[in-house]
Amino acid sequence: MMENQSQQPQPVNSPSPQDVLSLSGGENHNVPKLPAADKSLSQWQEILKQIMEFLEKLPDYIGSIFNNNKRGLINLLLILSAFVTVKVVIALLDAVNDIPLLQPIFELIGLFYSVWFAFRYLLKFDTRQELSQKFNAFKQRSFG
């Protein structure tokens, strides 16, 4: 019983002397070595410095891109906004058409308005000229 008390428990994960000798032996020349801590720190600082310089110049880059391609970007934005507007209008019309009896009422209103427009402006020569003058006046106000 005395022997059990005098023995010290050994840690399970501690390296044996043979393991230590094999690592510190002469056959470790193929193992890649890590760079010194101050070199890796300076590399990180250099990379961080380059990133910060890029972020500081980013508004200038974006501004120059916009100034060089202003007309094309405006056209692209107009096309995209027209596309979105058409999609929204189609979605609204689908929502309205799903309401019972509303679609046929709107169709009747459209039909009556078309008939009224044809009788009011398209049958007689004088009224066609009046419509043409109104259209030209609208065109002048719109396009200058």
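As the structure is a computational prediction, the values presented were derived from the model and not from experiment.

Asker: Can you break down the pattern of salt bridges residue by residue, with the values?
Answerer: Summed over all chains, the structure comprises two salt bridges. Among the salt bridges present, the one from Arg120 reaches Glu130, with a minimum N-O distance of 3.2 Å. Here Arg120 is found in helix α5 (residues 102-122), whereas its partner Glu130 is found in helix α6 (residues 125-143), with 10 residues between them in sequence. Here Glu130 and Lys134 are joined by a salt bridge, their closest N and O atoms 3.5 Å apart. Highlighted residues: Glu130 and Lys134, both in helix α6, separated by four residues, approximately one helical turn. A relative accessible area of 26% places Glu130 in the partly exposed class.

Asker: So what's going on with α6? Residues and values would help.
Answerer: Given a rise of 1.5 Å per residue, 19 residues ought to cover 27 Å, and the 27 Å separating the end C-alpha atoms of α6 matches this to within 8%. One or two positions beyond α6, positive phi appears at Gly144, with a value near 90°.

Asker: Lay out the confidence of the model for the protein with the relevant residues and their values.
Answerer: Scored by pLDDT, the protein has a mean of 82; 72% of the residues are at 70 or more. At the level of individual helices and strands, the protein shows its lowest average pLDDT in helix α2 (residues 17-23), which scores 49, and its highest in helix α4 (residues 70-97), which scores 94. Confidence drops under a pLDDT of 50 for residues 18-22, and excluding neighbours within four residues, the segment shows one contact in the predicted structure.

Asker: Describe the side chain of Thr127, with residues and values.
Answerer: Structurally, Thr127 can be placed in helix α6. Within polar-contact distance, the side chain of Thr127 engages the backbone oxygen of Arg120 at 3.5 Å. Apart from residues no more than four positions distant in its own chain, Thr127 is found in contact with Arg120, Tyr121 and Leu122.

Asker: Run through the packing of α5 against α6, naming residues and quoting values.
Answerer: Packing of α5 against α6 brings their axes to within 7 Å, and their N-to-C directions diverge by 100°. The angle between α5 and α6 falls in the class roughly perpendicular. On α6, the residues touching Phe117, Arg120, Tyr121 and Leu122 of α5 are Thr127, Arg128, Glu130, Leu131 and Lys134. Its residues assigned to classes, the contact of α5 with α6 shows four nonpolar, one polar and four charged.

Asker: An account of the packing of aromatic side chains is needed here, citing residue identities and associated values.
Answerer: Under the counting rule described, the total for this entry stands at four aromatic pairs. For the ring pair Trp116 and Tyr121, a centre distance of 6.3 Å and an interplane angle of 85° mean the geometry is edge-to-face. With relative accessibility at 44%, the residue Trp116 sits in the partly exposed group. Arranged with centres 5.2 Å apart and planes meeting at 50°, the rings of Phe117 and Tyr121 form a pair that is tilted. Separated by four residues within a single helix, Phe117 and Tyr121 lie in helix α5, roughly one turn from each other. Aromatic rings pair up to connect Tyr113, Trp116, Phe117 and Tyr121 into one cluster. Across the ring face of Tyr121, the terminal group of Arg120 is positioned such that the distance to the ring centre comes to 4.6 Å.

Calculation notes
Residues numbered from 1 in each chain as written. Predicted model: local features only at pLDDT ≥ 70, side-chain atom pairs only at ≥ 80, totals over all residues. Heavy atoms only, no water. Salt bridge = Lys/Arg side-chain N within 4 Å of Asp/Glu carboxyl O. Helix = DSSP H or I, 4+ residues; strand = E, 2+ residues; numbered from the N terminus. Buried < 20%, exposed > 50% of the residue type's maximum accessible area, 1.4 Å probe, protein only. Expected span 1.5 Å × (residues − 1). pLDDT = per-residue confidence, 0-100. Contact = heavy atoms within 4.5 Å. Polar contact = N/O pair within 3.5 Å; in protein donor to acceptor, adjacent residues only side chain to side chain. Axes fitted to C-alpha atoms, helices over the stretch in contact; angles between N-to-C directions. Parallel < 35°, antiparallel > 145°, perpendicular 65-115°, else oblique. Nonpolar A, V, L, I, M, F, W, Y, C, P; charged D, E, K, R; others polar. Phe/Tyr/Trp six-rings, centres within 6.5 Å; stacked < 30°, edge-to-face > 60°. Lys NZ or Arg CZ within 6 Å of the ring centre and 35° of its normal.

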